[in-house]
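An overview of the molecular structure
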Amino acid sequence: MTTSLSRDLIFLILQFLDEEKFKETSHILEQESGLFFSMKHFEDLIIGGKWNEVEQYLSGFTRVDDNRFSMKIFFEIRKQKYLEALDKLDRAKAVDILTKDLKVFSSFNEDLFKEITHLLTLDNFRENELLSTYRDAKTARTIMLIELKKLIEANPLFRDKLQFPNIKSSRLRMLINQSLNWQHSLCANPRQNPDIRTLLVDHSCRNSNDPYTQLATNNQLLVSAQKTEGFLPMCANGPFQLASPPVQTPLNAWVSTPSSMSHPVVSGAGVGLGGPMNPSVAAVSKGLGDSSNMLKTRLSAVPDRMMLPAMSPSQSNGLQFNMAEELPKTVARTLNQGSAPTSMDFHPIQQTLLLAGTNIGEISLWEVSAREKLVSRNFQVWDIGASSMTLKAALIKDPSVSVRRILWSPDGSLFGVAYSKHIVQLYTYFGGNDVRQHLEIDTHIGAVNDLAFCNPTKQLSVVTCGDDKTIKVWDVATGTKLYTFEGHEAAVHSVCPHYKENVHFVFSTSVDGKIKAWLYDTMGSRVDYYAPGHSCVTMAYSADGKRLFSCGTTKEGESHMVEWNENEGTVKRTYQGFTKRSLGVVQFDTTKNRFLAAGDDYSVKFWDMENCVLLTTIDAEGGLPASPSIRFNKDGSLLAVSANDNKIKILATVDGLRLMRTYETHSHIASRPPSDAPAKIGGSKTLEDIKARSAGEVNPKKAGKLAEISSPAQFRSLKLSTHVKADKISRLIYTNSGNAILALAFNAIHLLWKWPRSDLNLSGKATTKVTPQLVQPTSGILMTNDLIDGSPDEIVPCFALSKNDSYIMSASGGKISLFNMMTFKVKSKLKGHSKRITCLAFSHLLSILVSSGADAQIIVWDLNHWERQKGCFLQTPAGRTAAARSDIQIQFQQDQIHLLVVNETQLAIYDMRKLECIKQWTIGEASAPISHATFSCDSQLVYSCFLDGTVHIFSASNLQLQCQINRTAYLPSGISSTVYPLVVAAHPQEPNQFAVGLMDGSVYLFEPLESESKWEVPQATENGSASRSEV
């Protein structure tokens, strides 16, 4: 492994080569050392099409099979080389590239390799739909370069290699000059104007009788050569200026340091490339000019490891001003918790939901936008009889309990609470104020100091640590202990699980400052080192998982926050700005892959991750404790801060204020009492047993008028044009990128509209402002399902798009087909329904595909083996016939756990971990049937269309009707009543945009007015025909 000082020397050599314009040599050293990847050089090679040089340069940093990022980088480069050969009609070269360069990827994606091979058979590879927009080599290289930059930045092998260190210009020259000064100070008879001719041997002043000196004085050829060649004259361009004449350079010209030079001279006791320096060399000869000033400069040297700001004060202030705009500094809400908060955490999806734990063991769930405490639970042991005798004895001796950590699971479906006595409690969250006990685990002897969720296997686990010096891993579903890690010599303070390149591990820290890392096995810790100052720290990764930080406080009150070099276990950057003596252990958090925040000195302090100097301090209008607890929400727009008098302050950015205004329009009030147990499908409890309540009874205090849209002026809409004769639209979906809409007609043909980038639509996303293009492949190949024999009315087409837009699961009433978007090849067929299949939905989190059918079945399929896991039957609502159960539609919520189930009479929400129905809404007798429904992209709304042409917008948290769009608002006055929406699709990034497909084959796009930015929300509902049932 390259040592730290050797690495620094290579960087100095690279700087010297660059300054002397030895470009090619510099790039060769970059590649051979693998320490710095020059993105500029890489760009020049790509744009120039120098493919062999591109791969040769890359080879110094990564190989094809190192990881998926590297594989993608090499694939894109070789694919571009291949396409350029085809474009030049050089088939022989294309075949050579295919067999030598691209063949290696066939083992990873055989279908893709076949598709690439198929291009050889085309007269013009642009006949392939995916390559139809290919213009020319120069444009394609530019576009590819954008993608390659992203892949390189995301590749862990390039971490810390994309940024050249901030080094003062001519640093290597300066170090050599300093060395010459020291050599001259050791001369027995130092001269006033030494004659330094070589760096190959140590300098030594010679007397006037030395034959070499006489030769140098008399030999004009040698003198001339010394004027123009060698290292020393180059310093005229550096910080040290040569005196005249060049041959007789006076020593004080090399010793004196210009006032503008900011680098101090290394002290005699400093670290060098060789052995330690003899302290006696500090005695400088009297012939050195102003030797006292030089000595003072040396003795006041800054240590090599200290990082100095590289910006002028004016630059720094301007940067701070811009950064401060992105920080939450406005006190938007103040919540009265009732007891002192000790731990907080925002929901990962519903970003205005805040969990709080306190010093008396109370846990609370807040909707911060409404300042409403949805849930409050005091500490109690759920099953004292099953508890250990140690826990019982501890509670008898001291019944006081505090919350040490409260944390949401990654999907927000449950949360864990670590208490100061022995136990961890896990709760399941069903939305609103519906919080239920899930699991209680007697984890540690003494306090449980921290917990964190991880997923080293396919099952979610929770990691805990405690005063008993251990770390333990538990199965969340059953409470089974999976691992115990032992090795700390003091109480374990915190845990930080993570994974890289499919390797799962967990960091742990103890109160004595020791940091350890563990794999999920029984082989002991893999890492063992101390935190700065032996402080008690917590560790956290940046949101993208690329950078590791720690923050903590020593017993003496000194706080340290640092960034770590994971590969070497060394401190990469130390952040400055903490008070000299902190009261308590300082807590910190990260956000936006850019900022750090810590509660210190009665305030919140912020740092830019790239700068060790304190960025800014916010006192949140005062009233903060000495070391307040802090917690960002997921996008960094909100920051919860514990305050005095048992309060929590919510600080917000401009986006955070907008977010809270948006969430104020959505009701998070509970849709049923927490004590109600969910009815299992197929169990003894039927829908006749369910108590129905009108929608207006859900939250009586929010009474008012329903928002109703009847005119085109009240919202924005766009009809998508098509030149293809289309049957009625049966299914509709946005692509995951949000720039296209895919429709499936009843005649089994797929239609695709794409929004081009333009001055009116710079993002290229779907919008009502720009008309999209209907994409039709020049080859004439269409994705078409096989139609079953029989009546067309019995056909129910359906599809689901994979996460990367590469595959479509599609069916037109018969068997399920898996289409490759590039090859259109069918991958697998699944059998299980007794009648036609009506809908499909993926859950990437649970690794399942869910299908629904006209047989009223919901079937769960395992994505790994394409086998049936389990299934259930949808029950018929009271007063309905079995025929009303047909054509079931399904869709997963954003958390990929809860499933929206729709048929013509009802909307229902299922928890797919247990196949339980937890919410339900049914139409009234006078209402038109439901034709389709879907979640908004943030899962806060449900868009539903009806056979009378109306579109209803529900709150997803309680299935309460919020807004209604009448058919007169978007359809011409003379159109037949038989034309109505059959399907609705929500935009994947814009929660207030959706599209509907109609019986006549037309597609409409809907958005609220720009002045409103969201769909207006009712204060109540006057529609008494609909009812909502809670299961």
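Calculation criteria
Residues numbered from 1 in each chain as written. Predicted model: local features only at pLDDT ≥ 70, side-chain atom pairs only at ≥ 80, totals over all residues. Heavy atoms only, no water. Helix = DSSP H or I, 4+ residues; strand = E, 2+ residues; numbered from the N terminus. Buried < 20%, exposed > 50% of the residue type's maximum accessible area, 1.4 Å probe, protein only. Contact = heavy atoms within 4.5 Å. Pairing = 2+ DSSP bridges. Axes fitted to C-alpha atoms, helices over the stretch in contact; angles between N-to-C directions. Core = buried A, V, L, I, M, F, W, Y, C linked by side-chain atoms within 4.5 Å. Polar contact = N/O pair within 3.5 Å; in protein donor to acceptor, adjacent residues only side chain to side chain. Salt bridge = Lys/Arg side-chain N within 4 Å of Asp/Glu carboxyl O. 1 Å grid on protein atoms, 1.4 Å probe; cavity = no way out; pocket = protein on both sides within 12 Å on 5 of 7 lines; lining within 4 Å. Points joined across faces, edges and corners; volume = space filled by probe spheres on them. Nonpolar A, V, L, I, M, F, W, Y, C, P; charged D, E, K, R; others polar. Phe/Tyr/Trp six-rings, centres within 6.5 Å; stacked < 30°, edge-to-face > 60°. Lys NZ or Arg CZ within 6 Å of the ring centre and 35° of its normal. Expected span 1.5 Å × (residues − 1). Arc of directions from axis to C-beta. Disulfide = S-S within 2.5 Å. Parallel < 35°, antiparallel > 145°, perpendicular 65-115°, else oblique. pLDDT = per-residue confidence, 0-100. Left-handed = near helix turned anticlockwise from the far one by under 90°.

1. A short note on the overall build of the protein
Per the secondary structure count, the protein includes 16 helices and 55 strands. The proportion of buried residues among the 1031 residues of the protein is 52%. Partitioning the intrachain contacts of the protein with sequence separation of at least 6 by distance along the chain shows that 54% fall at a separation of at least 24.

2. Here's the deal with the sheet that holds strand S52 (residues 981-986)
Sheet architecture is open: 4 strands sit in the order S32-S54-S53-S52, paired in antiparallel fashion. Edge strands, defined here as strands with exactly one partner in the open sheet, are strand S32 (715-720) and S52. Between one strand and the next, the sheet's axes are offset by a mean angle of 25°, whatever the strand orientation. Relative to strand S53 (residues 994-998), S52 runs antiparallel, the two sharing 5 bridges. Of the residues in S53, the one forming a bridge with valine 984 is valine 996.

3. Brief notes about the nonpolar core
If you look at the biggest cluster of nonpolar residues, it comprises 41 residues, and the most contacted ones within it are Phe37, Phe42, Ile46, Leu58, Ile77, Tyr82 and Leu102. For this core, the secondary structure elements donating two or more residues are helix H3 (39-47), helix H4 (51-58), helix H5 (68-87), helix H6 (91-102), helix H7 (110-118) and helix H8 (137-154). In terms of residue count, the dominant contributor to this core is H5 (10 residues). If sequence neighbours within four positions are ignored, isoleucine 77 has contacts with Phe42, Ile46, Trp51, Val54, Leu58, Met144 and Leu148. One finds Leu407, Ala418, Cys465 and Val495 within the second-largest nonpolar core, a separate group that totals 25 residues.

4. A closer look at the environment of serine 550
Assignment of secondary structure puts serine 550 in strand S19 (residues 548-553). Distance from serine 550 to glutamine 587, taken between C-alpha atoms, is 9.7 Å for residues 37 residues apart in sequence. Beyond its immediate chain neighbours, meaning those up to four positions away, serine 550 contacts Val537, Thr538, Met539, His560, Met561, Val562, Trp564 and Phe588. Engagement of the side chain of serine 550 in a polar contact is seen with the side chain of tryptophan 564, the distance being 2.8 Å.

5. Brief notes about the pattern of salt bridges
Applying the stated criterion across every chain, the model contains 35 salt bridges. The residue glutamate 84 makes a salt bridge to arginine 141 at a minimum N-O spacing of 2.7 Å. Taken as a pair, glutamate 84 in helix H5 and arginine 141 in helix H8 lie far apart in primary sequence, 57 residues in all. One connected set of salt bridges, linked through shared partners, spans Asp160, Arg547, Glu563, Lys572, Arg573 and Glu610.

6. Some details on empty space enclosed by the protein
Rolled over the atoms, a probe as big as a water molecule pinpoints where empty space is left. Taken as a whole, this structure holds 5 cavities of 30 Å³ or more when the rule is applied. What lines the largest cavity is a set of 24 residues, and nearest its centre among them are Gln350, Phe430, Gly431, Gln893 and Asp895. For the lining of the largest cavity, the class distribution of residues is 7 nonpolar, 13 polar and 4 charged.

7. Some thoughts on the sheet that holds strand S23 (residues 595-600)
An order of S22-S23-S24-S25 is seen for the 4 strands of this open sheet, with the pairing classed as antiparallel. At either end of the open sheet lies a strand with only one pairing partner, and these are strand S22 (588-591) and strand S25 (616-618). Taken pair by pair, the neighbouring strands of this sheet meet at an average axis angle of 25°, ignoring direction. Pairing between S22 and S23: 4 bridges, direction antiparallel. Each residue of the ladder has a partner; that of threonine 591, found in S23, is phenylalanine 595.

8. Here's the deal with the packing of aromatic side chains
Evaluated as defined, the whole model comprises 31 aromatic pairs. Here the aromatic residues Phe715, Tyr943, Tyr970, Phe994, Tyr1004, Phe1006 and Trp1015 are joined through ring pairs into a cluster of three or more. In this structure, arginine 436 packs its charged tip against the face of phenylalanine 430, placed 4.2 Å from the ring centre.

9. Some remarks on the pairing of S53
With 5 of its 5 residues buried, S53 lies for the most part within the structure. A two-sided burial pattern is seen for S53, the buried positions comprising Phe994, Val996 and Leu998 on one face and Ala995 and Gly997 on the other. Where S53 meets strand S54 (residues 1003-1008), 4 bridges bridge the pair, whose relative direction is antiparallel. Looking at S54, one finds that valine 996 is bridged to tyrosine 1004. Between S53 and S54, which pair antiparallel in sequence order, lie 4 residues; one of them, glycine 1001, sits at a positive phi of approximately 90°.

10. Considerations on unusual backbone geometry
One non-glycine residue, histidine 422, lies in the positive phi region at around 70°. Considering the arrangement of structural elements, one finds histidine 422 in the loop between strand S7 (414-419) and strand S8 (423-429). In this structure, leucine 915 takes a positive phi of about 55° despite not being glycine. Structurally, leucine 915 can be placed in the loop between strand S46 (906-911) and strand S47 (916-922). Judged by relative accessible area, leucine 915 falls into the buried class, the value being 9%.

11. Observations regarding H5
Over its 20 residues, H5 extends 28 Å from the first C-alpha to the last, a length consistent with the 28 Å expected when each residue adds 1.5 Å. Where burial is concerned, most of H5 is hidden: 16 out of the 20 residues are buried. Where H5 begins, one side-chain oxygen reaches toward the backbone nitrogen of phenylalanine 69, 3.0 Å away; that side chain belongs to asparagine 67.

12. Overview of the pairing of strand S21 (residues 570-575)
Bridging between strand S20 (residues 559-565) and S21 involves 5 bridges; their strand directions are antiparallel. Pairing of glutamate 563 across the sheet is with arginine 573, part of S21. Counted between consecutive antiparallel strands, the loop separating S20 from S21 contains 4 residues, among which glycine 569 sits at a positive phi close to 70°.

13. A word on H8
Across its 18 residues, H8 extends 25 Å between first and last C-alpha, which sits within 8% of the 26 Å expected from 1.5 Å per residue. Those residues of H8 lying buried are Ala140, Arg141, Met144, Leu145, Leu148, Leu151 and Ile152. For H8, the angular spread of buried residues about the axis comes to 140°, placing them on one side. Across H8 from its buried face, at more than 90 degrees, point the exposed residues Ile143 and Lys150. In this structure, the buried residues of H8 make contact with H3, H4 and H5.

14. Let's talk about the state of the cysteines
Throughout the structure, instances matching the rule amount to 0 disulfides. Note on cysteine 536: no disulfide assigned, nearest cysteine sulfur contributed by cysteine 465 at a separation of 9.9 Å. Owing to a relative accessible area of 8%, cysteine 536 belongs among the buried residues under this scheme.

15. Quick word on the packing of helix H1 (residues 4-19) against helix H9 (residues 171-185)
Where H1 contacts H9, the two axes come as close as 8 Å, and the packing angle between them is 110°. Compared by their axis directions, H1 and H9 come out roughly perpendicular. Within the contact between the two elements, H1 uses Leu12, Gln15, Phe16 and Glu19 and H9 uses Arg171, Leu172, Arg173 and Leu175. Taken together, the residues of the contact of H1 with H9 break down into 4 nonpolar, 1 polar and 3 charged.

16. Describing the confidence of the model for the protein
Residues of the protein with pLDDT of at least 70 account for 75%, and the chain-wide mean is 77. Taken together, the stretch residues 665-704 has pLDDT below 50 and engages in 104 contacts with residues farther than four places along the chain or on a different chain. The low-confidence segment residues 1017-1031, where pLDDT is below 50, has 63 contacts with residues more than four positions distant or belonging to other chains.

17. A look at the packing of H3 against H4
Relative to each other, H3 and H4 sit at 150°, their axes nearing to 8 Å. Comparing their axes, H4 and H3 come out roughly antiparallel. Along this stretch, H3 crosses H4, giving a crossing that reads as left-handed. Residues His41, Phe42, Leu45 and Ile46 of H3 pack against Trp51, Glu53, Val54, Tyr57 and Leu58 of H4. Classifying every residue of the contact of H3 with H4 by side-chain character gives 7 nonpolar, 1 polar and 1 charged.

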